[in-house]
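Examining the three-dimensional arrangement
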Amino acid sequence: MEAKKTFKVFHFKSAIAWQTARRGTMTNSRRPPVEIGSPPEFKGTEDVWCPEELLTGAVNSCLMLTFLSFAERRQLEISAYESSAEATVENDGGKYRVTHIQIQPTVSLGRESDIPFAQEIFKDAKEACIISNSVSAAVELLPQFEVGKQANARGNRMGYGGTDPKPDMAQVRDEGFMRQAIRLARAALERGDTPVGSVVVREGRIVAEGIEGVRSEKDFTAHAELKAVQDACRNLATRELEGCELYTTAEPCFMCSFVIRSAHISRVIMGKAVPHIGGVSSKHPILTDAGIPNWPPPPVVVRGVLEKECSELFVP
């Protein structure tokens, strides 16, 4: 009989002490005290936090933190996040309760092409948010996006970031190797295969190549990335490719992501995103998830290099 999966149980505590009138202090042994009270709408004052605001803030902050966690796992780089929230309290069947909470986050992204990716992460974050899943009120999430609004001081590990139109040397280098992958993708397209091409680079030179061949070779495992990794292992006489970079015109699928991680590839540079079955932008980001136990660390992923040219390969 299959063993039943077990999950961790967590406990969170707080204490309340009445002070005066309709006011009190909320404490926790590890946190600064917070003064609380009734809102003016219920015979309180405006100078302290009320439970309705704390509930609204809890949903707002939990959604932000869940989004940031998912964005980090899937390597979506953002430069700013701000969010406003408003809760509606109304009489429902003779009792007042919070019936609706509207969350309006504004996220700054490096590229316009990241917006669909960010929207998908927001959708998943809402489904996974502990606090919003714990309230009966309807939670409405209305995200907005800005592009290039503010540079990220930590740098953009997912792309090139910033707003400077002048490409740096890393960008020029990545685009050069990606153009070779595009040439291989065109070769795949000419023989009736999906237009995906991949190259493996070590110490600034191409050591392996892969051309998609699922249809022409009648082999479901003949993906360009997998063939490039196999070629690199043969050429370098090793099964561990630490220090190598993989350039590919399309986001690696689950199968290729497994191979890339297992081969210890250090950096993956991709063109077109594949949100449904991709190892980075899908709901199962196995290429970038650092939380998978007993597996090599994820590679650095650079998304969107020559994305327009790579995407045009898929246009009939």
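Below you will find a few notes about this structure. Quantities reported herein were computed from a predicted structural model and do not represent experimental measurements.

Ordered by their spatial adjacency, three strands build an open sheet running 1-2-3, and the pairing between neighbours is antiparallel. A strand with exactly one partner marks an edge of an open sheet, and here the two such strands are strand 1 (15–20) and strand 3 (31–37). On average, each strand axis in the sheet is inclined to that of its neighbour by 25 degrees, with strand direction left out of account. Note that strand 2 (residues 23–28) and strand 3 share five bridges and pair antiparallel. The residue bridging arginine 23 from the neighbouring strand is glycine 37, located in strand 3.

Across the six residues that make up strand 8 (residues 197–202), a large majority, five, are buried. With six bridges joining them, strand 8 and strand 9 (residues 205–211) adopt antiparallel strand pairing. Bridge pairing in strand 9 links valine 200 to alanine 208. Between strand 8 and strand 9, which follow one another and run antiparallel, lie two residues, and glutamate 203 among them has a positive phi close to 50 degrees. Judged from the five bridges that link them, strand 8 and strand 10 (residues 244–250) form a sheet pairing that is antiparallel. Residue pairing in the sheet places serine 198 in a bridge with threonine 248 of strand 10.

This part is about the pattern of salt bridges. Within the structure shown, the criterion is met by 17 salt bridges. Among the ionic pairs, arginine 111 bridges to aspartate 114, the shortest N-O distance being 3.4 Å. By relative accessible area, which is 3% here, aspartate 114 ends up buried. In the salt-bridge network here, residues are joined through shared partners; they are Arg173, Asp174, Glu245 and Arg267.

When you line up the elements, arginine 23 lands in strand 2. For arginine 23, the side chain forms a polar contact with the side chain of aspartate 47, separated by 3.1 Å. Contact partners of arginine 23, with chain neighbours within four places excluded, come to Trp18, Glu35, Ile36, Gly37, Thr45, Asp47 and Val48.

Basis of the calculations
Residues numbered from 1 in each chain as written. Predicted model: local features only at pLDDT ≥ 70, side-chain atom pairs only at ≥ 80, totals over all residues. Heavy atoms only, no water. Pairing = 2+ DSSP bridges. Helix = DSSP H or I, 4+ residues; strand = E, 2+ residues; numbered from the N terminus. Axes fitted to C-alpha atoms, helices over the stretch in contact; angles between N-to-C directions. Buried < 20%, exposed > 50% of the residue type's maximum accessible area, 1.4 Å probe, protein only. Salt bridge = Lys/Arg side-chain N within 4 Å of Asp/Glu carboxyl O. Polar contact = N/O pair within 3.5 Å; in protein donor to acceptor, adjacent residues only side chain to side chain. Contact = heavy atoms within 4.5 Å.

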